[in-house]
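In case you want the letters, here they are:
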Amino acid sequence: MTRGAPIPDTVTLHVPFRLVKRGGRKETQLPEGAAPPHRKDSALVKALARAFRWKRMLESGEFSTIAELAEREVITSSYMTRVLRLTLLAPDIVEAILDGKQGPEVTLARVMESVPAEWSAKFLKTPDMSDL
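Below is a summary of the structure that appears in this document.

About the thresholds
Residues numbered from 1 in each chain as written. Predicted model: local features only at pLDDT ≥ 70, side-chain atom pairs only at ≥ 80, totals over all residues. Heavy atoms only, no water. Patch = residues over 30% accessible without salt bridge, like charges linked within 9 Å, V, L, I, M, F, W, Y side chains within 5 Å. Areas by Shrake-Rupley, 256 points an atom, 1.4 Å probe, with all protein chains shown as cover. Salt bridge = Lys/Arg side-chain N within 4 Å of Asp/Glu carboxyl O. Buried < 20%, exposed > 50% of the residue type's maximum accessible area, 1.4 Å probe, protein only. Helix = DSSP H or I, 4+ residues; strand = E, 2+ residues; numbered from the N terminus. Polar contact = N/O pair within 3.5 Å; in protein donor to acceptor, adjacent residues only side chain to side chain. Contact = heavy atoms within 4.5 Å. Axes fitted to C-alpha atoms, helices over the stretch in contact; angles between N-to-C directions. Parallel < 35°, antiparallel > 145°, perpendicular 65-115°, else oblique. Left-handed = near helix turned anticlockwise from the far one by under 90°. Nonpolar A, V, L, I, M, F, W, Y, C, P; charged D, E, K, R; others polar.

1. So, a nonpolar patch on the surface
And then number 1: On the surface, a nonpolar cluster with roughly 530 Å² of combined accessible area is contributed by Leu13, Val15, Phe17, Leu19 and Leu30.
And then number 2: Judged by relative accessible area, Phe17 falls into the partly exposed class, the value being 45%.

2. Examining the environment of Thr81
And then number 1: Structurally, Thr81 is set in helix α3 (residues 77–84).
And then number 2: A relative accessible area of 32% means that Thr81 is categorised as partly exposed.
And then number 3: Taking the C-alpha atoms as reference, Thr81 lies 9.6 Å from Met112; in sequence the two are 31 residues apart.

3. Brief notes about the side chain of Thr87
And then number 1: For Thr87, the position within the fold is in the loop between α3 and α4 (91–99).
And then number 2: The exposure class assigned to Thr87 is buried, which follows from its relative accessible area of 13%.
And then number 3: At a separation of 2.6 Å, a polar atom in the side chain of Thr87 contacts the main-chain carbonyl oxygen of Leu84.
And then number 4: If sequence neighbours within four positions are ignored, Thr87 has contacts with Ala51, Phe52 and Lys55.

4. Details of the packing of helix α1 (residues 42–59) against helix α2 (residues 66–73)
And then number 1: At a minimum axis distance of 11 Å, the contact between α1 and α2 shows a crossing angle of 125°. Judged on the interaxial angle alone, α2 and α1 are oblique. Handedness of the crossing formed by α1 with α2: right-handed. Contacts between α1 and α2 pair Arg53, Trp54, Met57 and Leu58 from the former with Ile66, Leu69, Arg72 and Glu73 from the latter.
And then number 2: Looking at the contact of α1 with α2 residue by residue, the class counts come to 5 nonpolar, no polar and 3 charged.

Right under this line is the structure:
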């Protein structure tokens, strides 16, 4: 009986990545060309949920003004109006955000600055949404 190569006691695996801090939490940063995993931006998803909830409350007549609703939610009316603008995003963009398929440039801070009339395809990762 012939012997093959001996089995090593340890195996070393090299995985290139960096740890970076974002918003107080650590995230892994993959090397160039590596496919990033789909990650939902929890702050952006939460803001979208709030925006659509507030819109529904206003449209139902539960609250007659944004100021009245903002007072109940204990936030400023200017912040509420900025969050409510998220309801104006195209359904495909909202879906991409909820699925975690938006580009890294699409953050809560960025979309709350202003909502552009036309969104560039560079903000989305998926090729089927390139016509947005």
